[in-house]
Amino acid sequence: MFDRLNIPDTEGISPVMNDSHNLKSKLNTILDSGKSYAKNRDFAKAKEQFDFAFDVVDQMTENPDSYTETIILSSRSLVFSRLSLMYFLQGDYAASLDADFRDLELLIQLEPIYRRLHPDQEIINVQNLIMTYTCIADCYNNIGDHENALKYANEAISRCKEEMYTWGLSALTNSYYYAYLSMTRICCDLGSTQKALTYCREYLTISELIPDYPDTKKGEIHYMKMKAICNQIAETGAYK
């Protein structure tokens, strides 16, 4: 199963200085509930929760004194991200793609705002952009559109390499993991075993360049999973 389930629920929303209406707290609760329903395959209740989440973001929009443009856009982006996860788990990849592209539009819209107003938090948006490109690539791969799958997986990897010069390798190691894992699956599905192994090994090398990364909980999980996938591909020619 794709690693979307392991993405933190609060990733991508900037801190709220004045949550006097408690809408941000309410949104987080609803998103947690929606994700839980989706994981348990109760998609009707999950969709109901995400509809509620959009209503909450609309209420935030009506209270600009408490919620900035950045908060509103990033909150709406996160709802689309979770909606995409629900559709992905449901096997409705067309609907998942639609939600991902809505998410992508918002993240692109947020880029200059972060750069101008929250440069210290811009890395959050960068990480979310890379993740969304990866999600789009996986959806396309699952519907057999390998041309677009490769396009967006390449975009995710290119963005990792581009942003590394600004943020450093440590800030993007998890992003590299998701991007390289996606490309590995695509290459295997295309029968390009050696290319898949190349991407696996390149990620392992990247991880090893950060001495403490494999020792962190998430780093260890990612490193060991990619190593196991690499060994399996070498032995069987498939990642599954």
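Conventions used here
Residues numbered from 1 in each chain as written. Predicted model: local features only at pLDDT ≥ 70, side-chain atom pairs only at ≥ 80, totals over all residues. Heavy atoms only, no water. Helix = DSSP H or I, 4+ residues; strand = E, 2+ residues; numbered from the N terminus. Rg over C-alpha atoms; globule rule 2.2 N^0.38 Å. Contact = heavy atoms within 4.5 Å. Areas by Shrake-Rupley, 256 points an atom, 1.4 Å probe, with all protein chains shown as cover. Lys, Arg positive; Asp, Glu negative; His and termini not counted. Charge placed at Lys NZ, Arg CZ, Asp CG, Glu CD. Axes fitted to C-alpha atoms, helices over the stretch in contact; angles between N-to-C directions. Parallel < 35°, antiparallel > 145°, perpendicular 65-115°, else oblique. Left-handed = near helix turned anticlockwise from the far one by under 90°. Nonpolar A, V, L, I, M, F, W, Y, C, P; charged D, E, K, R; others polar. Buried < 20%, exposed > 50% of the residue type's maximum accessible area, 1.4 Å probe, protein only. Phe/Tyr/Trp six-rings, centres within 6.5 Å; stacked < 30°, edge-to-face > 60°. pLDDT = per-residue confidence, 0-100.

A. Geometry of the overall build of the chain. Along the chain, the regular secondary structure elements total nine helices and zero strands. Traced from its N-terminal end to its C-terminal end, the chain shows the element sequence α-α-α-α-α-α-α-α-α. The C-alpha atoms of the chain give 18 Å as radius of gyration, which agrees with the globular expectation for 240 residues (18 Å, within 12%). Overall, the C-alpha framework of the chain stretches about 55 × 40 × 30 Å when taken along its three principal axes. Residue pairs in contact within the chain that sit at least 24 positions apart in sequence constitute 67% of those at least 6 positions apart. In the structure as shown, the chain presents an accessible area of about 11200 Å², 49% of it carried by carbon and sulfur atoms. In the chain, 24 side chains carry a positive charge and 34 a negative one; their mean positions are 4 Å apart.

B. Spotlight on the packing of helix H7 (residues 173–189) against helix H8 (residues 193–208). Here H7 crosses H8 at 165°, and the two axes come no closer than 8 Å. Here H7 lies roughly antiparallel to H8, going by the angle between them. Note on packing geometry: the crossing formed by H7 with H8 is left-handed. Taking contact as the criterion, the partners of Thr 173, Tyr 176, Tyr 177, Tyr 180, Met 183, Thr 184, Cys 187 and Cys 188 in H7 are, on H8, Lys 195, Ala 196, Tyr 199, Cys 200, Glu 202, Tyr 203, Ile 206 and Ser 207. Partitioning the contact of H7 with H8 into residue classes produces eleven nonpolar, three polar and two charged.

C. Just unusual backbone geometry, in detail. Located in the positive-phi region is Arg 41, a residue other than glycine, with phi close to 65°. Tracing the chain through its elements places Arg 41 in the loop between helix H1 (23–39) and helix H2 (43–61). Take Arg 41: its relative accessible area is 44%, and that puts it in the partly exposed class.

D. Local environment of the packing of aromatic side chains. The final tally for this structure, using the stated rule, is ten aromatic pairs. On the basis of an interplanar angle of 70° and a centroid distance of 5.3 Å, the ring pair of Phe 88 and Tyr 93 is categorised as edge-to-face. Residue classification places Phe 88 among the buried positions, given a relative accessible area of 8%. By relative accessible area, Tyr 93 is classed as partly exposed at 23%. On the numbers, 6.4 Å between centres and 65° between planes, the contact of Phe 101 with Tyr 140 is edge-to-face. Residue Phe 101 is located in helix H4 (residues 93–117), and its partner Tyr 140 is located in helix H5 (residues 122–142); the two are separated by 39 residues in the primary sequence.

E. Region of the structure containing the confidence of the model for the chain. For the chain, mean pLDDT is 91; residues scoring 70 or higher make up 91% of the total. Taken together, the stretch residues 8–17 has pLDDT below 50 and engages in 30 contacts with residues farther than four places along the chain or on a different chain.

F. Quick look at the side chain of Ser 175. Locating Ser 175 in the fold gives a position in helix H7. On the basis of relative accessible area, Ser 175 is assigned to the buried category, the value being 8%.

G. Seen up close, the packing of helix H6 (residues 146–167) against H7. The interhelical angle for the contact between H6 and H7, taken along N-to-C directions, is 150°, at an axis separation of 9 Å. The orientation of H6 with respect to H7, classified from their angle, is roughly antiparallel. Along this stretch, H6 crosses H7, giving a crossing that reads as left-handed. Here His 146, Ala 149, Leu 150, Ala 153, Asn 154, Ala 156, Ile 157, Cys 160, Lys 161 and Met 164 of H6 come into contact with H7, specifically with Ser 175, Tyr 176, Ala 179, Tyr 180, Ser 182, Met 183, Ile 186 and Asp 189. Of the residues in the contact of H6 with H7, the class split is twelve nonpolar, four polar and two charged.

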